[in-house]
Amino acid sequence: MTAWSVLEITGVAAFAVSGALTGIQKKLDIFGVLVLAVTTAIGGGVLRDVIIGNTPPLTFRDPTFFVISAVSTIGVCFTYRWIHKFQYTIQIFDAIGLGSFTATSANLAIQHDLNTLFIVTTVAVITGIGGGVIRDVFVKEIPYVFRQEVYAITTIAGAVSFYYSQFYLPGNTPLYLCFGITTGMRLFCI
Amino acid sequence: MTAWSVLEITGVAAFAVSGALTGIQKKLDIFGVLVLAVTTAIGGGVLRDVIIGNTPPLTFRDPTFFVISAVSTIGVCFTYRWIHKFQYTIQIFDAIGLGSFTATSANLAIQHDLNTLFIVTTVAVITGIGGGVIRDVFVKEIPYVFRQEVYAITTIAGAVSFYYSQFYLPGNTPLYLCFGITTGMRLFCI
Amino acid sequence: MTAWSVLEITGVAAFAVSGALTGIQKKLDIFGVLVLAVTTAIGGGVLRDVIIGNTPPLTFRDPTFFVISAVSTIGVCFTYRWIHKFQYTIQIFDAIGLGSFTATSANLAIQHDLNTLFIVTTVAVITGIGGGVIRDVFVKEIPYVFRQEVYAITTIAGAVSFYYSQFYLPGNTPLYLCFGITTGMRLFCI
């Protein structure tokens, strides 16, 4: 398992945790909490894959992300009394998720020959915010990203850095740069 | 018309009825009731086709399901005073719809070479619950499936039975087995 | 720039204005207003492209519509006190948008060999109403089109006129006919 897989898994888990916590706050039953957590964690990636024509979506071909989301949700259910006090910790995880989703998606767009700055950024933003938007629509909230401008701006900054750095930096370096900028900016703004 | 077509049509009609009844309860006008009924009846199938890359969706290539939904809606509008007392009857139809949607979608996934247990089940669940989720989002309810765990579990059981039985059972038998398990479990839990 | 481009740009701008005004009324911050405006303006087209398998969606390949939406939103933010009194003016723009979206989409469907009356009409309706439905779901309203029957009916009439006239009328004439019927009927009904 590479360092990158660790970041990606942390990201999926963090998004699942945010979905599960929202579900518990909205008094859904255990199954509803699970569905909401999974939707939040994989929703952005599914939207992305449908939009770039990468069907069926990656998450549906390989159950890894699904299993991670389910395990995270079960974890949340057992530790809710303890974990929900740590909004700050959750936001750190969420920032890691945002960074890894942005970098992975920008990279995937390039691999699919979608290599203009505009489309790389758009694809990255949709993936980064998509899961959260779906979560909020399901529980009847105006999506968080509409009320928290800085959220999407960090994704845009990360995607732009990825796009330009890929011409000059070797191997996986642009991925880590994009992750660092997105997550770093997000953490700075919490 | 085969026995299978009859089950499929019953399913679409049942989902349309549930959408139309919801629309009337939410005091939409006749056109809104129609749109909600059609969306509920075909939404799951459209989501499925977009996700597996089967575009344009089957329902848009052939107006049959659309016509069935429209006719069902008109039927509901004329019999509302009478029909809305029969929640139990509607749930029976809904169970038939869930069973036929699950079986058809599991089968379609296999035909599209998506033949792992995970993706067959995922595709079946999305089709089975998709229409109802869209309906509930449109009328500002937290989706029913988030509050009624047993709904999705019957779909999962049906899809799993389809997946394993297709290796051993001939012809359409896995379709009927999947339908029987999904609908049977759902009826049992009402 | 052809006369048709002018109509199309007017349409996108009008839809963006309706999204921006909705966002301001719902007290979103400036970024939320921008996202809602862009979503309203491009949402229908993105849905259409995903559904007909035209991925990635046209709007993501070329930033023109995005830029128009952003500029319109900024315009709305500076002129809100003045513009929100002119609901009537906005509805005129909205009717122009509906007409141009309907005609463009019906045309695009034909170009993608989707040439039955049913699918041309369906694609046109989804594009015409899609953006507004997404806008209303995001701000927790039951979609406007569910409460305003005439909206979708004008799209249907336009798409039907396009479908039949393309066999007899040369060049871009069916586009303008479709636009005239959709926009004309809508203006008549305001």
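Everything that follows concerns the structure shown earlier in this document.
Residues numbered from 1 in each chain as written. Chains lettered and ligands numbered in written order. Predicted model: local features only at pLDDT ≥ 70, side-chain atom pairs only at ≥ 80, totals over all residues. Heavy atoms only, no water.

Novice: Provide a residue-level description of the interface of chain B and chain C, including the pertinent values.
Specialist: Contacts between the two partners involve 20 residues from chain B and, on the opposite side, 21 residues from chain C. Note on chain B versus chain C: buried area summed over both sides is about 1700 Å², and carbon and sulfur give 80% of it. Together, Phe 31, Phe 60 and Phe 138 of chain B form the three largest contributors to the area buried by chain B at its contact with chain C, with a combined 38%. Counting across the chain B and chain C interface gives zero salt bridges. Here chain B and chain C share one residue pair in polar contact (both at pLDDT 80 or more) between them. Broken down by element, the residue count for the side of chain B that touches chain C peaks at five residues, all from helix H2 (residues 30–52) of chain B. Across the side of chain B that touches chain C, the residue classes tally to 13 nonpolar, three polar and four charged. (Contact = heavy atoms within 4.5 Å. Buried area = accessible area lost by both parts, 1.4 Å probe. Salt bridge = Lys/Arg side-chain N within 4 Å of Asp/Glu carboxyl O. Polar contact = N/O pair within 3.5 Å; in protein donor to acceptor, adjacent residues only side chain to side chain. Helix = DSSP H or I, 4+ residues; strand = E, 2+ residues; numbered from the N terminus. Nonpolar A, V, L, I, M, F, W, Y, C, P; charged D, E, K, R; others polar.)

Novice: Quick rundown of helix H7 (residues 150–165) of chain A? Include the residues and the values.
Specialist: The first and last C-alpha atoms of H7 of chain A sit 22 Å apart over 16 residues, in line with the 22 Å expected at 1.5 Å per residue. Where the residues of H7 of chain A are buried, they touch helix H1 (3–25), helix H5 (87–111), helix H6 (117–138) and helix H8 (173–189) of chain A together with helix H2 (30–52) of chain C. (Expected span 1.5 Å × (residues − 1).)

Novice: Provide a residue-level description of the relation of the copies chain B and chain A, including the pertinent values.
Specialist: Between the two copies, chain B and chain A, the superposition gives an RMSD of 0.0 Å; the rotation angle is 120 degrees and the shift along the axis is 0.0 Å. Such a turn and shift between the copies fits a three-fold axis. (Least-squares fit on C-alpha atoms with pLDDT ≥ 70 in both.)

Novice: Talk me through the environment of Thr 89 of chain B; I want residue IDs and the actual numbers.
Specialist: All names here are of chain B. For Thr 89, the position within the fold is in helix H5 (residues 87–111). For Thr 89, a relative accessible area of 34% translates into the label partly exposed. Measuring from C-alpha to C-alpha, the distance between Thr 89 and Gly 53 comes to 35 Å, with 36 residues separating the pair along the chain. (Buried < 20%, exposed > 50% of the residue type's maximum accessible area, 1.4 Å probe, protein only.)

Novice: An account of the nonpolar core is requested, with residue identities and associated values reported.
Specialist: Side chains of nonpolar character tend, in soluble globular proteins, to be buried together. Residues Val 145 and Phe 146 of chain A, Val 145 and Phe 146 of chain B together with Val 145 and Phe 146 of chain C are the most contacted members of the largest nonpolar core, which totals 168 residues. Among all residues touching Val 145 of chain A, those that are not within four sequence positions of it are Ile 129, Val 133, Tyr 151 and Ala 152 of chain A together with Phe 31 of chain C. (Core = buried A, V, L, I, M, F, W, Y, C linked by side-chain atoms within 4.5 Å.)

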